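# Notes for the structure review
Take a look at the letters that make up each chain.
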Amino acid sequence: MDRKPRLTPKDWIRVGFSALVTEGPEAVRAEPLARRLETTKGSFYWHFAEVPTFHRAMLAAWQAEATTALSAELARSLTPAAQLRRFGQIAPRVLTPDLADTPLGPAVRAWALGTPAAADTLAAIDTHSLTLLHGLLGDMGITNPEIARLLLGAGIGLADLSRRNSEDPGAAMGTLVDLVLALR
């Protein structure tokens, strides 16, 4: 008799993200997730004391991916202008990161509308992104704080649009970054 491999917290988190995207927040509970993994709820509770603990683990994984990826990508460029250009290239992908090959940005943003923990995580991610952008823009002498908000919003929106129409959002973000750089 073949034994199934033992599930890990990462397995549960991966299937939780998949359920969130395909079925919404109501599917991110022990029983529906156990059915998806063809196991028992007991396996879920072996790893997570309760569903809110699981939700926090999901959100922490998404936050770590979003903040680490953006900071790491921008650190590869030397000048603030090069970093801003790099932001334009990567923003749609990094600001709405995929975990387990699942497009999470729009799903987590929808989840945040009715879930305080998701809203707090999303606010922390957006604050981190805005702080990075304010710093880059300030280093270039662009002090209007709304420019950072425009760039962040465009990156998030273009990521969502590109998922629906299969276009590369990098070109549109590149044009927006070029416009911002022309302001200097």
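Up top is the structure these notes are about.
Criteria and thresholds
- Throughout, residues of each chain are indexed from 1 in the direction in which the sequence is written.
- For this predicted model, a pLDDT threshold of at least 70 governs which residues receive local features, and a threshold of 80 or more governs which side-chain atom pairs are given and counted, while totals over whole chains, interfaces and linings are taken from all residues.
- The basis for every side-chain value is the complete set of heavy atoms in the structure, and neither hydrogens nor water enter the calculation.
- Planes of paired rings set the category: under 30 degrees apart is stacked, over 60 is edge-to-face and the rest tilted, where pairs are Phe, Tyr or Trp rings (Trp by its six-membered ring) whose centres lie within 6.5 Å.
- Exposure is judged per residue with a 1.4 Å probe applied to protein chains only, and the accessible area is read against the type maximum: over 50% gives exposed, under 20% gives buried, and values in between give partly exposed.
- By the criteria applied, helices consist of DSSP H or I runs no shorter than four residues and strands consist of E runs no shorter than two, each listed in order from the N terminus.
- Residues are treated as being in contact if the distance between any of their heavy atoms lies within 4.5 Å.
- Salt bridges are counted wherever a side-chain nitrogen of Lys or Arg sits within 4 Å of a carboxyl oxygen of Asp or Glu.
- To estimate how far a helix should reach, multiply one less than its number of residues by 1.5 Å.
- Angles run from 0 to 180 degrees between N-to-C directions of axes, and those axes are lines fitted to C-alpha atoms, restricted for helices to the stretch in contact.
- For classification purposes, angles smaller than 35 degrees are called roughly parallel, those larger than 145 roughly antiparallel, those between 65 and 115 roughly perpendicular, and all remaining angles oblique.
- Here a crossing is taken to be left-handed if its near helix is turned anticlockwise relative to the far helix by less than a right angle, and right-handed if that turn runs clockwise.
- Residue classes follow a fixed rule: Ala, Val, Leu, Ile, Met, Phe, Trp, Tyr, Cys and Pro count as nonpolar, while Asp, Glu, Lys and Arg count as charged, and any other residue, Gly among them, counts as polar.

Now for the packing of aromatic side chains. The full count for this structure, using the stated rule, is five aromatic pairs. Measuring from ring centre to ring centre gives 5.0 Å for F44 and Y45, while their planes differ by 85°; the resulting arrangement is edge-to-face. You can call Y45 partly exposed: its relative accessible area is 40%. Relative to F48, the ring of F44 lies with its centre 5.5 Å away and its plane at 40°, an arrangement referred to as tilted. Pairwise contacts between aromatic rings join W12, F44, Y45, F48 and F54 into one cluster.

Take H55: it is sitting in helix 4 (residues 51-75). For H55, the contacting residues outside a window of four places in its chain are V28 and W111.

Side chains that carry opposite charge are capable of pairing whenever their charged atoms lie near each other. Throughout the structure, instances matching the rule amount to five salt bridges. D178 serves as the salt-bridge partner of R85, at 4.0 Å between the closest nitrogen and oxygen. Note that R85 is positioned in helix 5 (residues 80-94) and D178 in helix 9 (residues 170-182), a separation of 93 residues in sequence. The exposure class of R85 is partly exposed, given its relative accessible area of 42%. When its relative accessible area of 45% is taken as the criterion, D178 is described as partly exposed.

Here helix 1 (residues 9-23) is 15 residues long and its end C-alpha atoms lie 20 Å apart, about the 21 Å a rise of 1.5 Å per residue gives. In the stretch just after helix 1, G24 is the one whose phi turns positive, near 95°.

Take the packing of helix 6 (residues 105-112) against helix 7 (residues 116-139) next. It is at 7 Å that the axes of helix 6 and helix 7 come closest, and there the two elements cross at 125°. Between helix 6 and helix 7, the angle is such that the two are oblique. Crossing hand, helix 6 versus helix 7: left-handed. Judged by residue contacts, R109, W111 and A112 of helix 6 engage A118, A119, L122 and D126 from helix 7. Along the lines of polarity and charge, the residues of the contact of helix 6 with helix 7 split into five nonpolar, no polar and two charged.

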